[in-house]
Amino acid sequence: MSVPVIVCAAVFGGAAAAFLPRVAARLAVSHGTPPRSACAHCTKPFPGWVRAGAACPCTEARTGTRLLWTVVVGAFASGLLGATFGATALLLILLPAALLGVLLALIDLRCRRLPNPVVAVLAAGTVLPLSAGALLFGEAGRLGRAVVGAVLCLVAYTIIALLPGDGLGLGDVKLATVLGFVLGFAGWPALAAGLVLPHLINGPIALFLLVTRRANRRTAVPFGPALLAGALLGLAAG
Ligand SMILES: [Zn+2]
């Protein structure tokens, strides 16, 4: 474990996460709706996608705690990946993936959606370089394990999504498939932990949302944050 790598990764993750609220606010729209072009509170048009801090200056004072949590989660996830993988090419692939994960969690918490374009970028940013790296360095076995991980997650989460009840959506199945590939690439222990942990984490997340009145007993709790947190901890444990 290299402390400078952990610190650099955490600082990068925290700093980059500070830019996510506006992107999340713009992408947290219902299915088939184009990205939000104006602030939902003051109706002023968003001048662009890039802003450090709250999505709009008008919400800066009210959303300070949420921004702090976003930065803390970005820093923690990146620092944990730095501690797990050290200064490797794998870390360079997983750091941007972790930020996309934080973005997906923010969007899912806002509108219970995991937008296809973001999941597609996450898939392209992980599956392509990991596959290319495995083929280049003669690690076909690792690639095979990654494919098994993706297929396992695809089948398992499709079955869960088909079960009666307002549980998982198709977005969760697609995200789980991408995460299954990454976990399989990391190893069997990571894949096993990544398959089990989201279901253990989802309970406390649901409780937190109920206690903070972000959800009630009738609203379904988004599963994306649990999937992503489970995959992160699975990678760290594997
Ligand atoms: Zn505003």
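Computed from a predicted structure; not experimentally measured.

Structural notes on the overall build of the protein chain
Argument step 1. On a plain count of helices and strands, the protein chain comes out with 9 helices and 0 strands.
Argument step 2. Listed N to C, the secondary structure of the protein chain is α-α-α-α-α-α-α-α-α in terms of helices and strands.
Argument step 3. In summary, the protein chain has a C-alpha radius of gyration of 18 Å against a globular reference of 18 Å for 238 residues, a match within 12%.
Argument step 4. Structurally, the protein chain occupies a C-alpha span of about 55 × 45 × 30 Å along its principal axes.
Argument step 5. Residue pairs in contact within the protein chain that sit at least 24 positions apart in sequence constitute 69% of those at least 6 positions apart.
Argument step 6. Approximately 12,000 Å² of the protein chain is accessible, and the part contributed by carbon and sulfur atoms is 72%.
Argument step 7. Put simply, the protein chain has 17 plus and 5 minus side-chain charges, and the middle of one group is 10 Å from the middle of the other.

What to know about a nonpolar patch on the surface
Argument step 1. There is a patch of nonpolar side chains on the surface, built from Val147, Val151, Leu154, Val155, Ile159, Ile160 and Leu163 and spanning about 560 Å² of accessible area.
Argument step 2. With respect to the helices, strands and loops of the structure, Leu163 is situated in the loop between helix H6 (140-162) and helix H7 (170-186).
Argument step 3. Of the residues examined, Leu163 reaches a relative accessible area of 47% and is grouped as partly exposed.

Re the pattern of salt bridges
Argument step 1. Enumeration over the complete set of coordinates arrives at 2 salt bridges.
Argument step 2. Between Glu139 and Arg142 there is a salt bridge, with the nearest N and O atoms lying 3.8 Å from each other.
Argument step 3. On the basis of relative accessibility, which here comes to 31%, the residue Glu139 falls in the partly exposed class.

Observations regarding the nonpolar core
Argument step 1. Counting residues in hydrophobic clusters, the biggest one holds 61 residues, and the most contacted among them are Leu81, Leu103, Leu104, Tyr157 and Leu175.
Argument step 2. When residues of this core are assigned to their parent elements, the largest contribution, 14 residues, is made by helix H4 (residues 89-111).
Argument step 3. With sequence-adjacent residues up to four places away left out, Leu103 is seen in contact with Leu20, Val23, Ala24, Leu27 and Val118.

A word on the domain arrangement of the protein chain
For an interface, size is often stated in terms of accessible area lost upon the parts coming together.
Argument step 1. Examined at the domain level, the protein chain breaks down into domain 1 (1-113) and domain 2 (114-238).
Argument step 2. Summarising the inter-unit geometry, the C-alpha centres of domain 1 and domain 2 are found 18 Å apart.
Argument step 3. Listed by partner, the interface residues are 21 residues for domain 1 and 29 residues for domain 2.
Argument step 4. Counting each side, the surface lost to burial between domain 1 and domain 2 is near 2,000 Å², with a carbon and sulfur contribution of 80%.

Remarks on helix H5 (residues 116-136)
Argument step 1. With 21 residues, H5 ought to run about 30 Å at 1.5 Å a step, and its terminal C-alpha atoms sit 29 Å apart, in line with that.
Argument step 2. Looking only at H5, the buried set comprises Val118, Val119, Leu122, Thr126, Leu130, Ser131, Gly133 and Ala134.
Argument step 3. Along its buried surface, H5 packs onto helix H2 (20-27), H4, H6 and H7.
Argument step 4. Phi turns positive one or two residues past the end of H5, at Gly138, with a value near 65°.

Focus: H4
Argument step 1. With 23 residues, H4 should reach 33 Å at 1.5 Å per residue; the first-to-last C-alpha distance of 34 Å fits that figure.
Argument step 2. Positive backbone phi, at 55°, marks Arg112, one or two positions downstream of H4.

What to know about the packing of aromatic side chains
Argument step 1. Applying the stated criterion across every chain yields a total of 1 aromatic pair.
Argument step 2. Measuring from centroid to centroid gives 6.2 Å for Tyr157 and Phe223, while their planes differ by 45°, and the two rings are tilted. One end of the pair, Tyr157, is in helix H6; the other, Phe223, is in the loop between helix H8 (188-211) and helix H9 (224-237), with 66 residues separating them in the sequence.
Argument step 3. When its relative accessible area of 2% is taken as the criterion, Tyr157 is described as buried.

Considerations on the coordination of the zinc ion
Argument step 1. Around the zinc ion, the protein contributes the donor atoms Cys39 (SG), Cys42 (SG), Cys56 (SG) and Cys58 (SG), at 2.2 to 2.3 Å from the metal centre.
Argument step 2. One can describe the donor arrangement at the zinc ion as tetrahedral, given that its 4 donor atoms subtend angles of 106 to 113° at the metal.
Argument step 3. Donor residues binding the zinc ion come from one chain and are separated in sequence as C-x2-C-x13-C-x1-C. Here the residue Cys39 occupies a position in the loop between H2 and helix H3 (64-85), and Cys56 occupies one in the loop between H2 and H3, the gap between them amounting to 17 residues. The same class applies to Cys39 and to Cys56, which are both buried.

What counts, and where the lines are drawn
- Residues numbered from 1 in each chain as written.
- Predicted model: local features only at pLDDT ≥ 70, side-chain atom pairs only at ≥ 80, totals over all residues.
- Heavy atoms only, no water.
- Helix = DSSP H or I, 4+ residues; strand = E, 2+ residues; numbered from the N terminus.
- Rg over C-alpha atoms; globule rule 2.2 N^0.38 Å.
- Contact = heavy atoms within 4.5 Å.
- Areas by Shrake-Rupley, 256 points an atom, 1.4 Å probe, with all protein chains shown as cover.
- Lys, Arg positive; Asp, Glu negative; His and termini not counted.
- Charge placed at Lys NZ, Arg CZ, Asp CG, Glu CD.
- Patch = residues over 30% accessible without salt bridge, like charges linked within 9 Å, V, L, I, M, F, W, Y side chains within 5 Å.
- Salt bridge = Lys/Arg side-chain N within 4 Å of Asp/Glu carboxyl O.
- Buried < 20%, exposed > 50% of the residue type's maximum accessible area, 1.4 Å probe, protein only.
- Core = buried A, V, L, I, M, F, W, Y, C linked by side-chain atoms within 4.5 Å.
- Domains from an automatic or database assignment.
- Buried area = accessible area lost by both parts, 1.4 Å probe.
- Expected span 1.5 Å × (residues − 1).
- Phe/Tyr/Trp six-rings, centres within 6.5 Å; stacked < 30°, edge-to-face > 60°.
- Donors = N, O, S within 2.8 Å, 3.2 Å for Na, K, Ca; no water.
- Tetrahedral: all angles 85-135°; square planar, octahedral: opposite > 155°, others 65-115°.

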